[in-house]
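Structure assessment
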Amino acid sequence: MTNFGDLDIFARVVSSGSMSTAGRALGLSPAVISKRIKRLEDRLGTRLLQRTTRQISLTEAGQGFYERVLSVLAGLEDAEAFVSGRSARIQGTLKVSAPTSFGRMHIAPHLKPFLDAHPDLTLNLVLTDEFTDIVGGGFDLAIRIAELGDSSLVARRLAPVRRVLCAAPAYIAAHGTPEDVEALKHHTCLRPHNNDAWRLEGPGGAVLYRPEGRLVTNSSEVIREAVIAGFGIALRSTWDVGQELKDGRLVRVLPSYEGSRNVALSAVYPSRQFLPAKVRLLIDYLAELYGPVPYWER
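Residues numbered from 1 in each chain as written. Predicted model: local features only at pLDDT ≥ 70, side-chain atom pairs only at ≥ 80, totals over all residues. Heavy atoms only, no water.

1. Details of the confidence of the model for the protein
This is how the line gets drawn: One number per residue, pLDDT, summarises how confident the predictor is, and it ranges from 0 to 100. The helix and strand labels rest on DSSP assignments: H or I over at least four residues marks a helix, E over at least two residues marks a strand, and numbering proceeds from the N terminus.
Summarising the model, the protein shows a mean pLDDT of 88, and 91% of its residues fall at 70 or more. The secondary structure element of the protein with the lowest average pLDDT is helix α4 (residues 60-84), at 76, and the one with the highest is strand β11 (residues 251-252), at 98.

2. Remarks on empty space enclosed by the protein
Put simply, the test is: The definitions used throughout rest on a 1 Å grid laid over the protein atoms alone, on which a cavity is an enclosed set of points accommodating a 1.4 Å probe that cannot get out and a pocket is an open set flanked by protein within 12 Å on both sides along at least five of seven lines; lining residues are those having an atom within 4 Å of a point. Grid points are joined across faces, edges and corners, and a volume is the space filled by probe spheres set on the points. Just so you know the grouping, Ala, Val, Leu, Ile, Met, Phe, Trp, Tyr, Cys and Pro go in nonpolar, Asp, Glu, Lys and Arg go in charged, and all remaining residues, Gly too, go in polar.
Going through the model one piece at a time under the given rule, you end up with 1 cavity of 30 Å³ or more. Roughly 40 Å³ of volume is contained in the largest cavity. If you trace the largest cavity, you find it lined by Val96, Ile107, Leu111, Leu123, Leu125, Ile143, Leu282 and Leu286. For the lining of the largest cavity, the elements supplying multiple residues, two or more each, are β4 (121-127) and α10 (277-290). Partitioned by chemical class, the residues of the lining of the largest cavity number 8 nonpolar, no polar and no charged.

3. Remarks on the environment of Val72
Going by this rule: Residues are treated as being in contact if the distance between any of their heavy atoms lies within 4.5 Å.
Mapped onto the fold, Val72 is located in helix α4. Among all residues touching Val72, those that are not within four sequence positions of it are Phe4 and Leu7.

4. Observations concerning the sheet that holds strand β3 (residues 92-98)
Put simply, the rule is: Only strands joined by at least two bridges in the DSSP assignment are considered to pair. Lines fitted to the C-alpha atoms define the axes, with helices restricted to the stretch that makes contact. Angles between their N-to-C directions range from 0 to 180 degrees.
Strands sit in the order β4-β3-β5-β13-β6 across an open sheet of 5 strands; the sheet is mixed. Of all strands in the sheet, those with a lone pairing partner are β4 and β6 (153-160), marking the two edges. Across this sheet, the average inter-strand angle for adjacent strands is 25 degrees, counted without regard to direction. The pairing of β3 with β4 spans 7 bridges and is classified as parallel. If you follow Thr93 over to β4, its bridge partner there is Thr122.

5. Here's the deal with the nonpolar core
To keep things clear, this is the line we draw: Grouping buried Ala, Val, Leu, Ile, Met, Phe, Trp, Tyr and Cys residues that are joined through side-chain atoms within 4.5 Å yields what is termed a nonpolar core. Using a 1.4 Å probe on the protein chains alone, a residue whose accessible area is under 20% of its type maximum counts as buried, one over 50% counts as exposed, and one in between counts as partly exposed.
Counting residues in each nonpolar core, the largest one holds 29 residues, and the members touching the most others are Phe102, Leu141, Ile143, Leu158, Leu265, Ile283 and Tyr290. Of all elements in the fold, only β3, α5 (100-107), α6 (111-117), β4, β5 (141-146), β6, β13 (264-270) and α10 reach the threshold of two or more residues within this core. A per-element tally of this core places α10 first, with 7 residues. Residue contacts for Ile283: discarding those within four places in its chain leaves Leu141, Arg156, Leu158, Ala267, Tyr269 and Leu275. Core analysis: the second largest hydrophobic core is formed by 17 residues, Leu7, Val14, Leu49 and Val69 among them.

6. Digging into the pairing of strand β9 (residues 205-209)
Pairing of strand β8 (residues 198-202) with β9 involves 5 bridges; the strand directions are antiparallel. Bridge pairing in β9 places Leu200 opposite Val207. In this antiparallel pair of consecutive strands, β8 and β9, the connection spans 2 residues.

Below, the structure written as structure tokens:
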């Protein structure tokens, strides 16, 4: 039977991308780590890792094995928590990925009560506007705002996301108000850096419009500041610009149209039969915090 310690070592090497980093975390030398990985590969009769002088990567067999090892280790953690009664005493590190603006505005301000309730838990919150590789990056959880397709990952919907077309009053005063989606081509639109089309839903059903504009950026926060400054028209989430819409710094454009309703705020995590208690607790906390009608819509 495979040694569970070898499985833990393998998982830590993959998540850290380095035998030396995994060794430091476990108090083992790189030589011992390498020996244990080789022992695991010999037992399985297949190579799990491709090793070069600069990096470590998973083989195809290693990728499938890693996903299943995570499930096994999660099950062990869940079993230990059940037996020892540690359900209310969560320990360790919880690594979470979230969009930059949303994380700053709607996660960071609410972390203190969660962490105060679990003093033995460390949260590693990584903010990025790119989709992270949850498994390869060693993340326990990712918060995503997207229309999620088929995936080997599991997703739990946390809240609906409303996206509206908006502009500053100064922009409207200078350039007028578009009467329909087709009229947007005569306006400056603040488009996403990946040049994705705006998926809109209106009186006539779904509409695709590919915005054009002179500002290209990979930063959602730059787009936000640019639309408030009067640079053009943007498709923004109400969690992002709700206050500006309320106080008049922004106004709705084509109010009968909104972004696709299939986009939602979701918690995404590796497919596991047993979800670690620390992950489940954070997901439950965020789901209760936001809810079917999130506070930024009230």
